[in-house]
Amino acid sequence: MKLLLLLGLVTLAQCFALRVPLRKAKSLRQSLKEHGLLEHYLRQHPYNPAAKYFPTLLSSEPLQNFMDMEYFGTISIGTPAQEFTVIFDTGSSNLWVPSVYCSSPACGNHKRFNPEKSSTFVGTNESLSIVYGTGSMTGILGYDTVTVSDIKVINQIFGLAETEPGTFFYYAPFDGILGLAFPSISSSGATPVFDNMMTEDLVARDLFSVYLSKNEQKGSFVLFGAIDHSYTTNGISWIPLSAETYWQITMDSVSIAGVPVVCSNGCQAIVDTGTSLLAVPNQALNTLLGALGVGSNGEISCSAISSLPDIVFHINGQAFPLPPSAYVMENDGYCSLGLQGMNIPAGSGEQWILGDIFIHEYYVIFNRANNMVGLSRLH
């Protein structure tokens, strides 16, 4: 009995050792608005969330997907460690941070990696270029020790940004991005951080899980190699992936009041911690707004929230409701739906992005061992 208890305590200690707290901060959109730059920026840079998942759509910047992100964690790179604030993004696969080689105004307001101050850095002659609609993030690839919580990944490949597109990035509340999707979508063939964690047996299980608290500041986390079962008391629904690129699954339909209104013949959805809202194909969004009795601008009276129905996602034969308290956002006394339209390329089918608004309601497990997503309702 004592041995079992000891083993249990060791397991629990490991579980917490691999937990990365996520802090909630002001989003880039809020910062731009406060500086009187938001309207000017949006006029210059039309936004299509689909550009992140369909790189051929060069009419808009995928980095804009991070406009509304509010959850960030800390990692370190190098020896001694240099700390960076990053988005843990299940919708991309590369790790990159600004470097001292970057002279863009955007880099000047962020922490920059200095390879000369790291005894474990190994440089390469390989370049990295991630193309956006109005420019590109260019840089070089290098190898160094990346520390995530207490996990040290030796010789992790990452991008050292030398240019960053647009002055708007100056106001971004994060320094870089740590991608948690599959190697198949990684730029320059760079091995993602979590793949190296698995290969080097640095995690107890080949999975990670995400909890986003509704508390204004505290409680959110990414947990590597473990499931915190205090968040799965409602059971776990396992959903097989339909593609090993993003964390992509098949939805059966989306219903309101028991009636399928969109995605009626099935559609694809990506579970993405790097997208804050629910991104919906434009035609489906118009239908959904009509079914909810909301105008095309998505704005509603805050007093009407209680009369709105749940939006129910039917996935793998099970129902996953999203109550109005989850999909309505209130800001400065005004309320609007946390849904945004996107243009999907012809022939790509109907595709949704289940961002943080959805993830708030469910503890999400990203299982690489079985290529599944696990969902456990939190309330």
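Shown above is the structure to which this text applies.
Our subject in this report is the structure included herewith. (Residues numbered from 1 in each chain as written. Predicted model: local features only at pLDDT ≥ 70, side-chain atom pairs only at ≥ 80, totals over all residues. Heavy atoms only, no water.)

All right, on to the sheet that holds strand β12 (residues 237-240) then. Taken together, six strands build an open sheet; the order of strands is β1-β11-β10-β25-β26-β12 and the sheet is antiparallel. Each edge of the sheet is formed by a strand with only one pairing partner; in this case those strands are β1 (19-21) and β12. Put simply, the sheet's adjacent strands are angled 20 degrees from each other on average, direction ignored. Sheet analysis places strand β25 (residues 362-367) next to strand β26 (residues 372-377), joined by six bridges and oriented antiparallel. Within the sheet, the bridge partner assigned to Tyr-362 lies in β26 and is Arg-377. (Pairing = 2+ DSSP bridges. Helix = DSSP H or I, 4+ residues; strand = E, 2+ residues; numbered from the N terminus. Axes fitted to C-alpha atoms, helices over the stretch in contact; angles between N-to-C directions.)

Sheet strands pair by backbone hydrogen bonding; their relative direction is either parallel or antiparallel. In space, the three strands of this open sheet follow the order β18-β22-β21, with antiparallel pairing throughout. The strands lining the two open edges of the sheet, one partner per strand, are β18 (299-300) and β21 (328-331). As paired elements, β18 and strand β22 (residues 334-337) share two bridges and run antiparallel to each other. Residue Ile-300 lies in a different strand from β22, and its bridge partner there is Cys-335.

Attention shifts here to the pairing of strand β15 (residues 259-262). Bridge analysis of strand β14 (residues 247-256) against β15 gives three bridges, and the strand direction is antiparallel. Within the sheet, the bridge partner assigned to Val-254 lies in β15 and is Val-262. Hairpin geometry of β14 and β15 is characterised by an intervening segment of two residues between the two adjacent antiparallel strands and by a positive phi of about 55 degrees at Ala-257.

Further remarks concern the state of the cysteines. For the coordinates displayed, the defined rule picks out three disulfides. Covalent S-S linkage joins Cys-102 and Cys-107, the inter-sulfur distance amounting to 2.0 Å. Between Cys-102 and Cys-107, the disulfide has an S-S torsion of 75 degrees and is therefore right-handed. What makes Cys-102 buried here is its relative accessible area of 2%. Here Cys-107 falls in the buried class, since its relative accessible area comes to 0%. Across a sulfur-sulfur distance of 2.1 Å, Cys-302 and Cys-335 are joined as a disulfide pair. Taking the sign of the S-S torsion, 110 degrees for the link of Cys-302 and Cys-335, the bridge is right-handed. Of this pair, Cys-302 sits in the loop between β18 and β19 (311-315) while Cys-335 is found in strand β22, placing the two residues 33 residues apart along the sequence. Cys-302 sits in the partly exposed class, given a relative accessible area of 26%. (Disulfide = S-S within 2.5 Å. Buried < 20%, exposed > 50% of the residue type's maximum accessible area, 1.4 Å probe, protein only.)

This brings us to the pattern of salt bridges. Here the structure, examined in full by the defined rule, presents two salt bridges. Its salt-bridge partner being Arg-19, residue Asp-228 comes within 2.8 Å of it at the nearest N-O pair. One end of the pair, Asp-228, is in the loop between β11 (221-224) and β12; the other, Arg-19, is in strand β1, and 209 residues separate them in sequence. In terms of burial, Asp-228 and Arg-19 fall into one category: buried. (Salt bridge = Lys/Arg side-chain N within 4 Å of Asp/Glu carboxyl O.)

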